[in-house]
Amino acid sequence: MQIMSALFIEHFDMRQAAGGAARIDLGGVHFSMAAPGPFPVTINPHMLVLVRCPASHTGLAALEVRFMRGDEQVARNVQPLSVEPGKFGYNLVQAELSFDEPSTVEAHCRIDQGDVVVVPLTMNPPADDPAPAPTAPAAGGWTGTPAAENG
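Bear in mind the structure is a predicted one, so any value in this text is a computation, not a measurement. (Residues numbered from 1 in each chain as written. Predicted model: local features only at pLDDT ≥ 70, side-chain atom pairs only at ≥ 80, totals over all residues. Heavy atoms only, no water.)

Caption draft 1: Examining the pairing of strand E8 (residues 72-82) more closely. When strand E7 (residues 60-69) meets E8, the two strands line up antiparallel, connected through 10 bridges. Following the sheet pairing, Met 68 is matched in E8 by Gln 73. In this structure, the hairpin formed by E7 and E8 is closed by a connection of 2 residues, where Gly 70 is found at a positive phi of approximately 65 degrees. (Pairing = 2+ DSSP bridges. Helix = DSSP H or I, 4+ residues; strand = E, 2+ residues; numbered from the N terminus.)

See below:
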C-alpha cells in the first residue's frame, strides 16, 4: 500500500459522484494554527491519511504515525488498514499534542515499514483578534473512526 496524501483537516465529507465514483470534500486543510490561548496549550488535531492499495496486495497493513518535535517522539498512533485491493481508502488519525511555546511538530506517517511521509504542524502565538466561532461540519464530517471507501 502507498500513502497518497496526509493532511491536517477540520472536516471532510464523503459523497458519490456519477457512475459510483467516490469524492472526498476536505475543509480546513492546514499546516499551522494560532494557539487557542496562552501557552502552554494542548490540541487534538485531525489528520486524514489517504492510501492506495495495489490490486496485487492483500489489502491489510498497519498505519503508524509518529509525532516528532525534533528528535523527540511526543505522540504515536498505530492502527490497522483494510482496503480492498485495487481501491483507495483512508484512515483518520488523532493525537494529543502539547505546546509550551510556538514550535512545529512533524507527523511521520508510514505503512508497515515503508517510506515515511512527513507532514508539519506549526503552532503560532495566539492571534490578537479572536477567531470566529467554528461552524458545524456538513453531514458526514469528522467521524473519528477509520474507514475504507471504494473509488
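Caption draft 2: The arrangement of the sheet that holds E8 in detail. Ordered by their spatial adjacency, 5 strands build an open sheet running E4-E12-E11-E7-E8, and the pairing between neighbours is mixed. Two strands bound the open sheet, and with one partner strand each, they are strand E4 (32-34) and E8. Direction aside, neighbouring strands of the sheet carry axes that sit 20 degrees apart on average. Here E4 runs beside strand E12 (residues 117-124); their pairing, made up of 3 bridges, is parallel. If you follow Met 33 over to E12, its bridge partner there is Met 123. (Axes fitted to C-alpha atoms, helices over the stretch in contact; angles between N-to-C directions.)

Caption draft 3: Representation of the nonpolar core in the model. Membership of the largest hydrophobic core comes to 29 residues, with the highest contact counts inside it found for Met 47, Phe 67 and Leu 97. Counting only elements with at least two residues in this core, the list comes to strand E1 (2-9), strand E5 (41-43), strand E6 (46-52), E7, E8, strand E10 (97-99), strand E11 (103-111) and E12. Those residues in contact with Phe 67 that sit more than four places away from it in its chain are Phe 8, Glu 72, Gln 73, Val 74, Ala 75, Arg 76, Val 93, Ala 95, Leu 97, Val 105, Glu 106 and Ala 107. In this structure, Ile 9, Phe 12, Leu 48 and Tyr 90 belong to the second largest nonpolar core, which totals 6 residues. (Core = buried A, V, L, I, M, F, W, Y, C linked by side-chain atoms within 4.5 Å. Buried < 20%, exposed > 50% of the residue type's maximum accessible area, 1.4 Å probe, protein only. Contact = heavy atoms within 4.5 Å.)

Caption draft 4: Highlighting the packing of aromatic side chains. The full count for this structure, using the stated rule, is 1 aromatic pair. Measuring from ring centre to ring centre gives 5.4 Å for Phe 12 and Tyr 90, while their planes differ by 70 degrees; the resulting arrangement is edge-to-face. Pair noted here: Phe 12 is in strand E2 (residues 11-16) and Tyr 90 is in strand E9 (residues 88-94), with a separation of 78 residues, a long-range link. Note on accessibility: Phe 12 and Tyr 90 belong to one class, buried. The cationic tip of Arg 69 hangs over the ring face of Phe 99; the distance from NZ or CZ to the ring centre is 5.0 Å. (Phe/Tyr/Trp six-rings, centres within 6.5 Å; stacked < 30°, edge-to-face > 60°. Lys NZ or Arg CZ within 6 Å of the ring centre and 35° of its normal.)

Caption draft 5: Main features of the side chain of His 30. The topology assignment puts His 30 in the loop between strand E3 (22-27) and E4. By relative accessible area, which is 16% here, His 30 ends up buried. Polar side-chain contacts of His 30 include one of 2.7 Å to the backbone oxygen of Gly 28. Beyond its immediate chain neighbours, meaning those up to four positions away, His 30 contacts Phe 8, Ile 9, Glu 10 and Leu 121. (Polar contact = N/O pair within 3.5 Å; in protein donor to acceptor, adjacent residues only side chain to side chain.)

Caption draft 6: Seen up close, the environment of Gly 89. On the secondary structure map, Gly 89 appears in strand E9. Assessed through its relative accessible area of 1%, Gly 89 is described here as buried. Taking the C-alpha atoms as reference, Gly 89 lies 5.9 Å from Leu 50; in sequence the two are 39 residues apart.

Caption draft 7: Spatial organisation of unusual backbone geometry. Residues Phe 39 and Pro 40 are joined by a peptide bond in cis, for which omega reads 0 degrees. Along the polypeptide, Pro 40 turns up in the loop between E4 and E5. Even without glycine at this site, Asp 112 takes up a positive phi of about 50 degrees. On the accessibility criterion, Asp 112 (38% relative accessible area) is partly exposed.

Honestly, it's all geometry; don't read function into it.
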